[in-house]
Each structure stands twice: as structure tokens, then as C-alpha cells.
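Below are the chains, spelled out letter by letter.
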Amino acid sequence: MERSGRGEMNVSTARRQLNDGSWMPLLGFGTWKLWCTFHAPEDVKPSVMETLHNLQLTYLNLYLIHFPVGFQKVPGELLPRHEGRVLVSEIDYVDTWKAMEALVDEGFVKSIGVSNFNISQLQRLLSKARIFPAVNQVELHPYLTQTELVEFCMSRNIALTAFSPLGSPGRSLVFLNESADPKDLLKDPVVKMIAEKHSKSPAQILLRFHIQRNIATIPKSISPERICKNTEVFDFELTEGDLHLLLGLNRNWRVCQMKIVQDHRFYPFTDS
């Protein structure tokens, strides 16, 4: 991680190296993913080729498997259903991964990774992969710290990217988990106290929480002002005490549960 002449990280140089030698910014680096209806090995290359065509590019820097559970391919349907149930497939994500490796061999993708994979799924993939996953993109915030997963990925040199780093405050009511839902991480008293201490916003504290631990983060906002504010997280540091307090907020509470496929053998949120 590089720092500016003032001893502060700079938004343009704050990055981490991936296990394939390439580099990834620590803030705001979105990426393209293979959707769940294209897990069949023969569908992987056509899917990325369509993406490249639409973007008018010759390659992608990073391409991820979106979720370990595949869906049946039904034309025009992102979430195919029958009688209210999602039509899942039994395609093994290891077979999908082999097709992802071929994309690297052919030069269509520089780095490949996964999203929403748990420890046991990563272990299994690592035991069979020719090219190791460079990234695991997962939900991370102080209410879902996933400490064991974070430590495992770091021990295997798999970079982490945190989605929903602010706890997804603008989520739809469909994602509210009734009485167990903490509602708004940005209003948590501990987060607000640390924000006041550093003269920063709660959102900036939550982003810094990840960046300071070398975890990339992709906050979502449609407000230009908030997007700009999200970059102002490189001119201060959280103390060890701050980090301890934030980690202590863990409730193992998850925004994105995907319970509609929880009976599938590859459902990932059973050992997290």
C-alpha cells in the first residue's frame, strides 16, 4: 500500500497486489461477474464474450463467479422460477471454475475470482484449481465481520472485497429481517462515537474499517456528493481501540441471505 508524501494513503495509489501479480484498488473497484444461469462450462465463454462486446473491450481485468449455486438457464430470466421456486441447477462450481481458467489462458480475462464463497468451498476449489482465485467478494461490515473467513483468505493470499460495507442502509423492505434486523449500521452509537472522534462521517469510518485492514470495499451510492465523500478516507487512521470496538459489534447479521436457495448443496451461508 503506497502513501503520499504527507504520510497519508492516496486514493489513486491505495491498492493491494493480487496473488497473480496484478493490482486492485482498495476503494470503489467494481467488477464483472458470471451470473448464476451461466454456470455450465459451455456457457462461460459466450457470457464473457457478450460482456466484452457490450463494453467494446478485448479483455476484463477481473471476472468473478457471482454465487456458488447455479440456476437453470431459461431465456430472458435472471431468476428462473416454477410455481414460486427458483429453478436451480446441479452444476458443480469446480467445473465452472475450469471454464473460468480457460478464459485466462485465452487472454479474455486477466484475473479470476469468486463471490459469496465460504471457507469449505474455497478449500475445495483450491484443492482442484490450476489457477487460484485472486479475489473473494463477500458481504462485510461490523455487524458481519466474518473473522474466520477473513483470516482464511488472508492466509491463502486471496484478496477480499467487501460489498454492503455500510450495512446496505437503503435496502428494500424485502431484505429487512424483522425483529432481528439492526436497521441502520450508520446510526450505531459506537460508529457515531468514533466518527465524532475523528471528525468524519459514519460512512467514512465504516469504509476506513475495511481499507485499514487491506480489504477492498465497494460502497454503493447514487449521490455524487456522497461518492466524493467516500473517497475522503485516506487522511486519517483508526486506532487499535477503534478497530476493536467495531469488530465487537459483530452480530453475524447478513443483508444478502439468498434463502430462496438455502436447500441447495452449494448454499454458502451455512458455516459462516
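Cut-offs used in this document
Residues numbered from 1 in each chain as written. Predicted model: local features only at pLDDT ≥ 70, side-chain atom pairs only at ≥ 80, totals over all residues. Heavy atoms only, no water. Helix = DSSP H or I, 4+ residues; strand = E, 2+ residues; numbered from the N terminus. Buried < 20%, exposed > 50% of the residue type's maximum accessible area, 1.4 Å probe, protein only. Contact = heavy atoms within 4.5 Å. Areas by Shrake-Rupley, 256 points an atom, 1.4 Å probe, with all protein chains shown as cover. Pairing = 2+ DSSP bridges. Axes fitted to C-alpha atoms, helices over the stretch in contact; angles between N-to-C directions. pLDDT = per-residue confidence, 0-100. Parallel < 35°, antiparallel > 145°, perpendicular 65-115°, else oblique. Nonpolar A, V, L, I, M, F, W, Y, C, P; charged D, E, K, R; others polar. Right-handed = clockwise from strand over helix to strand, strands pointing away. Arc of directions from axis to C-beta. Left-handed = near helix turned anticlockwise from the far one by under 90°. Salt bridge = Lys/Arg side-chain N within 4 Å of Asp/Glu carboxyl O.

Some words on the overall build of the protein
Stage number 1. Each helix and strand in the protein was counted, giving 8 helices and 10 strands.
Stage number 2. Residues classed as buried in the protein amount to 47% of the 272 residues present.
Stage number 3. For the protein, long-range pairs separated by at least 24 residues make up 70% of all intrachain contacts whose partners lie at least 6 apart in sequence.
Stage number 4. Summing over all exposed atoms, the protein offers an accessible surface of approximately 13700 Å²; the carbon and sulfur share of this is 52%.

Side note on the environment of Gly-167
Stage number 1. Mapped onto the secondary structure, Gly-167 falls in the loop between strand E9 (159-163) and helix H5 (189-198).
Stage number 2. As for Gly-167 and Trp-253, which are separated by 86 residues in sequence, their C-alpha atoms are 9.5 Å apart.

Remarks on the sheet that holds strand E4 (residues 60-65)
Stage number 1. One open sheet holds the 6 strands; their spatial order is E3-E4-E7-E8-E9-E10, and the pairing between them is parallel. Here the strands that pair on one side only, and so sit at the sheet edges, are strand E3 (32-34) and strand E10 (216-217).
Stage number 2. Sheet topology note: the strand E7 (residues 109-115)/strand E8 (residues 135-139) ladder contains 2 bridges and is parallel. Each bridged residue has a counterpart across the sheet, and for Ser-115 the counterpart in E8 is Gln-137.
Stage number 3. In the packing of helix H1 (residues 41-55) onto the sheet, the strands contacted are E3, E4 and E7, and the crossing angle to E4 comes to about 140 degrees.

Quick look at the confidence of the model for the protein
Stage number 1. When pLDDT is averaged across the protein, the result is 88; 87% of the residues are at 70 or more.
Stage number 2. Taken as a whole, residues 1-12 scores under 50 in pLDDT and shows 22 contacts with residues more than four places along the chain or in a different chain.

Some remarks on the packing of H5 against helix H6 (residues 202-211)
Stage number 1. In contact at an axis separation of 8 Å, H5 and H6 are set at 95 degrees when each is read in the N-to-C sense. It follows that H5 is roughly perpendicular to H6 by the angle criterion. Contacts between H5 and H6 involve Val-191, Lys-192, Ile-194, Ala-195 and His-198 on the former and, on the latter, Pro-202, Ile-205 and Leu-206.
Stage number 2. Of the residues in the contact of H5 with H6, the class split is 6 nonpolar, 1 polar and 1 charged.

Some thoughts on the pairing of E8
Stage number 1. Burial of E8 is extensive: 5 of the 5 residues sit out of reach of the surface.
Stage number 2. Burial along E8 is two-sided: Val-135, Gln-137 and Glu-139 facing one way and Asn-136 and Val-138 facing the other are all buried.
Stage number 3. Inspection of the sheet shows E8 paired to E9 by 5 bridges, in the parallel sense. Note that in E9 the partner of Val-138 across the bridge is Ala-162.
Stage number 4. A crossover connection joins E8 to the parallel E9 through helix H4 (residues 147-155); in handedness this β-α-β unit is right-handed.

Considering helix H8 (residues 240-247)
Stage number 1. Buried within H8 we find Asp-242, Leu-243 and Leu-246. All buried residues of H8 lie within an arc of 95 degrees about the axis, which places them on one face of the element. Seen from the buried face of H8, the exposed residues on the opposite side, beyond 90 degrees, are Glu-240 and His-244.
Stage number 2. Those residues of H8 that are buried are in contact with H5 and H6.

Here's the deal with the packing of helix H2 (residues 93-105) against helix H3 (residues 119-128)
Stage number 1. Remark: H2 packs on H3, axes separated minimally by 10 Å, with the N-to-C direction vectors making an angle of 50 degrees. Comparing the axis directions of H2 and H3 gives the class oblique. Both H2 and H3 take part in a crossing whose hand is right-handed. Contacts between H2 and H3 involve Tyr-93, Val-94 and Trp-97 from the first element and Gln-121, Arg-124, Leu-125 and Lys-128 from the second.
Stage number 2. Residue composition of the contact of H2 with H3, by class: 4 nonpolar, 1 polar and 2 charged.

Digging into unusual backbone geometry
Stage number 1. Phi is positive for Asn-116, close to 65 degrees, though the residue is something other than glycine.
Stage number 2. Considering the arrangement of structural elements, one finds Asn-116 in the loop between E7 and H3.
Stage number 3. For Ser-199, which is not glycine, the phi torsion reads 55 degrees and is therefore positive.
Stage number 4. Looking at the element boundaries, Ser-199 is found in the loop between H5 and H6.

Thoughts on the pattern of salt bridges
Stage number 1. Enumeration over the complete set of coordinates arrives at 7 salt bridges.
Stage number 2. In this structure, the salt-bridge partner of Lys-45 is Glu-106, at a minimum N-O distance of 2.8 Å. Of the two residues, Lys-45 sits in helix H1 while Glu-106 sits in the loop between H2 and E7, which places them 61 residues apart along the sequence.
Stage number 3. With relative accessibility at 34%, the residue Lys-45 sits in the partly exposed group.
Stage number 4. Glu-106 sits in the partly exposed class, given a relative accessible area of 42%.
Stage number 5. Linking Lys-197 and Asp-242 is a salt bridge whose minimum nitrogen-to-oxygen distance equals 2.9 Å. With Lys-197 in helix H5 and Asp-242 in helix H8, this pair connects stretches of sequence that are 45 residues apart.
Stage number 6. Under the relative-accessibility criterion, Lys-197 is labelled partly exposed at 48%.

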